[in-house]
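Chain by chain, the residues:
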Amino acid sequence: MNDESNGSAAGFPETFLWGAATSAYQIEGSPLADGAGPSIWDEFCRQPGRIAGGDTGDVACDHYRRFRDDIELMAQIGLRSYRFSIAWSRVMPEGRGRLNEPGLAFYRELAERLLERGIQPFATLYHWDLPAALQARGGWTNPDCAYWFADYAAQMFRQLGEHITFWSTLNEPWVVVDGAYMTGAHAPGQAVPHAVPRVAHTLLRGHALAVQAFRAEGRPGQIGLVVNLEPKHAASSDTADIAAMERAHAYMNRQFLDPVFLGSYPEELAAAFGNAWPLFPAEEMRLIQEPIDFLGINYYSRSVVCDDPAGDFFGVSRVRQDGSEHTEMDWEVYPEGLGSVLRWVKRRYGDLPLYVTENGAAFNDPPVAGGRIVDDRRIAYLRDHLKAAQGALRDGVDLRGYFVWSLFDNFEWSYGYAKRFGIIGVDFATQQRVLKDSARFYAEVIASRGRSLPDL
Ligand code: FCB
């Protein structure tokens, strides 16, 4: 990657996919409209005490009805790609079998209109909203869920493959296992740590079977997996803290990538789960290694950890870095970590095409004044992370695109609407949208292919 030959400072490649990301339950609203079935998030939000403020995704950004106007906003920013997810129970109300034509029509029209505006649809098949009908059969704790997922994926390739050529199977399987089954903070809210290895394995089997289904359809396009990664740093040089760091690293960063690229789970996990660690059949381990076209990486922060028998399941606790800047999620702002994870993936798993599929920050933005939302801290966050991405590109990482999380302020899972990640502000009472200053900043970055970033 070298485009300095034209005499200007190095920018990003011409083909770089500049995007923004969302997910279905977080923005669409109308989750039960036009024949859709409920998802585990619909049910979870109804359980008292689960979501801050008792919020739900019933309305969210009302994107299901306003998507045509929303695409105009994307075009105004100059996005080259839009990463969204398909709500499984909108297109297959029972999770299996019968398709719901109005649900499919929504995603078909969304993709068509994006393409008309020169915006590449980048679709995620599973962003956590399992059909409730499948949860009733055990959800991801049932090994058959891998087949249900692959059947649904195959249908989507057939129904939407004419317009959508970028697919990812799962969004952040680590959060699925950790949120849903380790801590229970996410739907379906079951804190049963010993289910984690089997759930992780079923997710990976479903992922691999979906990739095989994509290949079998023979359609043009690319398919990959999206994981969240963060550097784990030991709080001290004590061997106990270093071992704790390795356990945290194995659990979050290697649990899914080691089996996909290296064919085995990290030994640290087997040790931590002890007797609860299953014997996984060799043919399933081979299946999981089904080659993918790209890896998507969601990056937000790092974590500094120490050994703590009273800490999490792995005997690990986070050590907050009080001297650092933190976002409203209490996540440390640590831009160099983005470069580190990109380089680490290349070193450990090989030189495959990478996308930063999510990166962004929740801050308490000032109110709209004179039609503007002045979100300088978000601009600084994005600027510094884009510079880190640029550094990785210069070091030879095959980075093909970058997606801001998120296009809109939206439903931030158990935090409800309290955390605002958008580069477009949403007034949830009126559904009015306002491009924040960060959206204008991002528009300039896109238009100049990164040359507007300082010090590039
Ligand atoms: C990621 C999720 C996304 C959003 C951001 C803040 O873990 O993929 O839906 O919640 O975090």
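Right above here is the structure, for reference.
Definitions and limits used
- Residues numbered from 1 in each chain as written.
- Predicted model: local features only at pLDDT ≥ 70, side-chain atom pairs only at ≥ 80, totals over all residues.
- Heavy atoms only, no water.
- Salt bridge = Lys/Arg side-chain N within 4 Å of Asp/Glu carboxyl O.
- Buried < 20%, exposed > 50% of the residue type's maximum accessible area, 1.4 Å probe, protein only.
- Near = heavy atom within 4 Å.
- Polar contact = N/O pair within 3.5 Å; in protein donor to acceptor, adjacent residues only side chain to side chain.
- Areas by Shrake-Rupley, 256 points an atom, 1.4 Å probe, with all protein chains shown as cover.
- Nonpolar A, V, L, I, M, F, W, Y, C, P; charged D, E, K, R; others polar.
- Helix = DSSP H or I, 4+ residues; strand = E, 2+ residues; numbered from the N terminus.
- Expected span 1.5 Å × (residues − 1).
- Arc of directions from axis to C-beta.
- Contact = heavy atoms within 4.5 Å.
- Pairing = 2+ DSSP bridges.
- Axes fitted to C-alpha atoms, helices over the stretch in contact; angles between N-to-C directions.

> Just checking my understanding: could you explain the pattern of salt bridges for this structure?
Scanning the entire structure with this criterion turns up 33 salt bridges. Among the ionic pairs, Asp322 bridges to Arg320, the shortest N-O distance being 2.9 Å. Overall, Asp322 belongs to the exposed group, its relative accessible area being 60%. Exposure remark for Arg320: the relative accessible area of 36% places this residue in the partly exposed category. A salt bridge links Arg320 to Asp330; the nearest nitrogen and oxygen atoms lie 2.7 Å apart.

> Explanation requested: the site of the ligand in the structure shown.
Residues in close proximity to the ligand include Gln26, His127, Trp128, Asn171, Glu172, Tyr300, Glu358, Trp405, Glu412, Trp413 and Phe421, which together make up its full environment. Between an oxygen atom of the ligand and a side-chain N or O atom of Glu172, the distance comes to 2.5 Å. Here Trp413 contributes a side-chain N or O atom positioned 2.9 Å from an oxygen atom of the ligand. Across the complex, the protein chains shield 95% of the 300 Å² of accessible surface that the ligand would expose by itself. Each residue belonging to the shell around the ligand can be placed in one class, and the counts come to five nonpolar, three polar and three charged.

> Any chance you could explain helix H5 (residues 101-116) here in plain terms?
In an α-helix there are 3.6 residues to a turn, and that puts residues three or four apart on one side. The end-to-end C-alpha separation of H5 is 22 Å, in line with the 22 Å expected for 16 residues at 1.5 Å each. Of the positions making up H5, those classed as buried are Gly103, Leu104, Phe106, Tyr107, Leu110, Ala111 and Leu114. Down the axis of H5, the buried side of the element spans an arc of 155°, and every buried residue falls inside it. On the buried face of H5, the contacting elements are helix H1 (24-27), helix H3 (63-77), strand S2 (81-85), helix H4 (88-91), strand S3 (120-126) and helix H7 (145-160). Gly118 sits one or two positions beyond H5 and adopts a positive phi of about 75°.

> Would you take a moment to explain the sheet that holds strand S1 (residues 17-21) for this structure?
Two orientations exist for strands paired in a sheet by backbone hydrogen bonds: parallel and antiparallel. Strands sit in the order S1-S2-S3-S4-S5-S7-S10-S11 around a closed barrel of eight strands; the barrel is parallel. Going across the sheet, the axis of each strand differs from the next one's by a mean of 25°, ignoring polarity. Pairing of strand S5 (residues 222-228) with strand S7 (residues 294-298), which is carried by five bridges, proceeds in the parallel orientation. Across the sheet, residue Asn228 finds its bridge partner in S7, namely Asn298. Contacting strand S4 (166-171) and S5, helix H9 (residues 196-217) crosses the sheet at an angle of about 160° to S5. This element, helix H15 (residues 376-394), spans S1 and strand S11 (399-405) of the sheet and lies at about 165° to S11.

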